[in-house]
Amino acid sequence: MQTLEQKEEVILRHRVYSELVRRGITDPIYWTRAKSELDVICATLFQGYHLVVSDIQSWAKSQGIRMSPCRGSAGASLVCYLMDISGVDPIVHNLPFERYLNLDRVSAPDVDTDYEIGRRGEVVEYVKKRFGEKHVVKILTLGTIKAKAAIKDAGRVLGHDFGFTNHMNSLFPSPIHGFSPTLSCVFDQTDSRYGDAKHLRAEIEANPSAREVYDLAVKLEGLIRNFGVHAAGLVVSSEPLDEIIPLRLPTGKDKEDDADLVTGFDQPAMEPMGLIKMDILGLENLTTINIALDHIHRLYGKTVVVEDLPLDDAATYQMMAAGNSRGVFQFDSPGMRNLLKRMRP
């Protein structure tokens, strides 16, 4: 008797090969690539994941919900392209599948599915109805105590005023590219930020009160401070989730969210159990594109198919090279606009 994974493998392989035939693709490069990708996907037991994501994408497409063609490493997968999970042909763009999934670094695939923001709720409701309320649950997030907060908390407990802990925090190394160091950098010579912590280290070595605060802060750092709900992540399971993991009711502002229940574990704790996060995101840019297309049709009588637009349009590159990218997804920030002007793509 076939296991669930074996049945899913048969279905996935059949759909991928059937799609190659349907599209009239005879190039052996595509067939060889499809087989090798399927072998990796099935060996890592992610065939069910791809079937579920494909089901959701196909339904959204059938409802006329605008979606992004692809985001992230899923664009490197031919299987995702053939299953309508991605709109990017990795053969044409020379994208290596190993960036998405490989046997040497087995980690769960992460397909970010973007939908126009006003209709994201429809997609979430479809997923609940399609797979069952007890099989679809939002994901718990854990807020932990960071280094500077730990210093403040330790100082407050030990009776020091805010001026004292603020001074200690002013000596703590600043984040680099958004990554903050931990308190271990102060005395761990193997830490890459050890040199940056020399002023705080000197303060701690010279001031017993600072040493006392630091020692307590080290014990507080990393402890769970609060619970939240993942903004877009869902867990979809073949088994009722209340039979596998603890569930909890949303609290506070999360009560207004679109989920009745939340997992009792966070995502890192659930991945070893085979429970994979699915990201269903709402994107304002997609709504803006829809509005623009409607205006073009109404004012000029033209129907523009976004997917058919050329990728080498000179005027578009001139606009980007000038840094005129406000409203362009992931190129909107001042930093990205400045980078575009320097790179001049």
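Coordinates for the structure precede this section.
Heads up: these notes are all about the structure in this document. (Residues numbered from 1 in each chain as written. Predicted model: local features only at pLDDT ≥ 70, side-chain atom pairs only at ≥ 80, totals over all residues. Heavy atoms only, no water.)

### Structural notes on the environment of Ala 210
So, point 1. Note that Ala 210 resides in helix H9 (residues 208–220).
So, point 2. Judged by its relative accessible area of 0%, Ala 210 falls in the buried class.
So, point 3. Along the sequence, Ala 210 and Ala 34 sit 176 residues apart, while their C-alpha atoms lie 60 Å from each other.
So, point 4. Filtering out sequence-adjacent residues up to four positions away, Ala 210 remains in contact with Phe 164, Met 168, Glu 203 and Ile 204. (Helix = DSSP H or I, 4+ residues; strand = E, 2+ residues; numbered from the N terminus. Buried < 20%, exposed > 50% of the residue type's maximum accessible area, 1.4 Å probe, protein only. Contact = heavy atoms within 4.5 Å.)

### Focus: the sheet that holds strand S4 (residues 247–248)
So, point 1. Sheet architecture is open: six strands sit in the order S1-S6-S3-S2-S5-S4, paired in mixed fashion. Looking at strand neighbours, the two that pair on one side only are strand S1 (112–116) and S4, the edges of this open sheet.
So, point 2. Sheet strands touched by helix H5 (residues 120–131): S1, strand S2 (136–144), strand S3 (224–236) and strand S6 (277–283). Its angle to S6, the strand with the most contacts, is close to 150°. (Pairing = 2+ DSSP bridges. Axes fitted to C-alpha atoms, helices over the stretch in contact; angles between N-to-C directions.)

### Some details on unusual backbone geometry
So, point 1. Positive phi values are uncommon outside glycine, yet Leu 45 reaches one of about 65°.
So, point 2. Along the polypeptide, Leu 45 turns up in the loop between helix H2 (28–43) and helix H3 (47–62).
So, point 3. Here Leu 45 falls in the exposed class, since its relative accessible area comes to 54%.
So, point 4. For Asn 94, which is not a glycine, the phi torsion comes out positive at approximately 55°.
So, point 5. Considering the arrangement of structural elements, one finds Asn 94 in the loop between helix H4 (78–82) and S1.

### Re the pairing of S3
So, point 1. The pairing of S2 with S3 spans eight bridges and is antiparallel. When the bridges of S3 are listed, Val 136 appears paired with Val 236.
So, point 2. The pairing of S3 with S6 spans three bridges and is classified as antiparallel. Bridge pairing in S6 links Leu 234 to Met 278.

### Topic: the side chain of Lys 138
So, point 1. Along the chain, the position of Lys 138 falls in strand S2.
So, point 2. A distance of 3.3 Å separates a polar side-chain atom of Lys 138 from the backbone oxygen of His 230.
So, point 3. Looking at Lys 138, its side chain comes within polar contact range of the main-chain oxygen of Ala 231, at 3.2 Å. (Polar contact = N/O pair within 3.5 Å; in protein donor to acceptor, adjacent residues only side chain to side chain.)

### Quick word on a nonpolar patch on the surface
So, point 1. Nonpolar side chains collect at one region of the surface, where Leu 142, Ile 224 and Phe 227 lie side by side and expose about 280 Å² of accessible area between them.
So, point 2. With respect to the helices and strands, the residue Phe 227 is situated in strand S3. (Patch = residues over 30% accessible without salt bridge, like charges linked within 9 Å, V, L, I, M, F, W, Y side chains within 5 Å. Areas by Shrake-Rupley, 256 points an atom, 1.4 Å probe, with all protein chains shown as cover. Salt bridge = Lys/Arg side-chain N within 4 Å of Asp/Glu carboxyl O.)

### Observations concerning the state of the cysteines
Chemically, a disulfide is nothing more than a covalent bond linking the sulfur atoms of two cysteines.
So, point 1. In the structure shown here, the tally under the stated rule is zero disulfides.
So, point 2. The thiol sulfur of Cys 42 is not disulfide-bonded, and the nearest other cysteine sulfur, from Cys 80, lies at 13 Å. (Disulfide = S-S within 2.5 Å.)

### Side note on the pattern of salt bridges
So, point 1. What the rule picks out here adds up to 20 salt bridges.
So, point 2. A salt bridge links Arg 225 to Asp 153, with the nearest nitrogen and oxygen atoms 2.1 Å apart. Taken together, the positions of Arg 225 in strand S3 and Asp 153 in helix H6 (residues 147–157) put the pair 72 residues apart, joining distant regions of the chain.
So, point 3. Taking relative accessible area as the criterion, Arg 225 reaches 43% and is therefore assigned partly exposed.
So, point 4. Residue class for Asp 153 comes out buried when judged on its relative accessible area of 9%.
So, point 5. Arg 211 is the salt-bridge partner of Asp 215, the closest N and O atoms lying 3.4 Å from each other. Within this pair, Asp 215 and its partner Arg 211 are both found in helix H9, separated by four residues, close to a single helical turn.
So, point 6. Accessibility expressed as a relative area gives 35% for Asp 215, which makes it partly exposed.
So, point 7. By sharing partners, the salt bridges in this structure join Glu 19, Arg 22, Arg 23, Lys 61 and Asp 84 into a single network.

### Focus: helix H7 (residues 162–170)
So, point 1. All of the buried residues along H7 are Phe 164, Thr 165, Met 168 and Asn 169. Down the axis of H7, the sector holding all buried residues measures 135°, keeping them to one side. The outward face of H7, more than 90 degrees from its buried face, is lined by the exposed residues Phe 162 and Ser 170.
So, point 2. Buried residues in H7 make contact with H6, helix H8 (198–206) and H9. (Arc of directions from axis to C-beta.)

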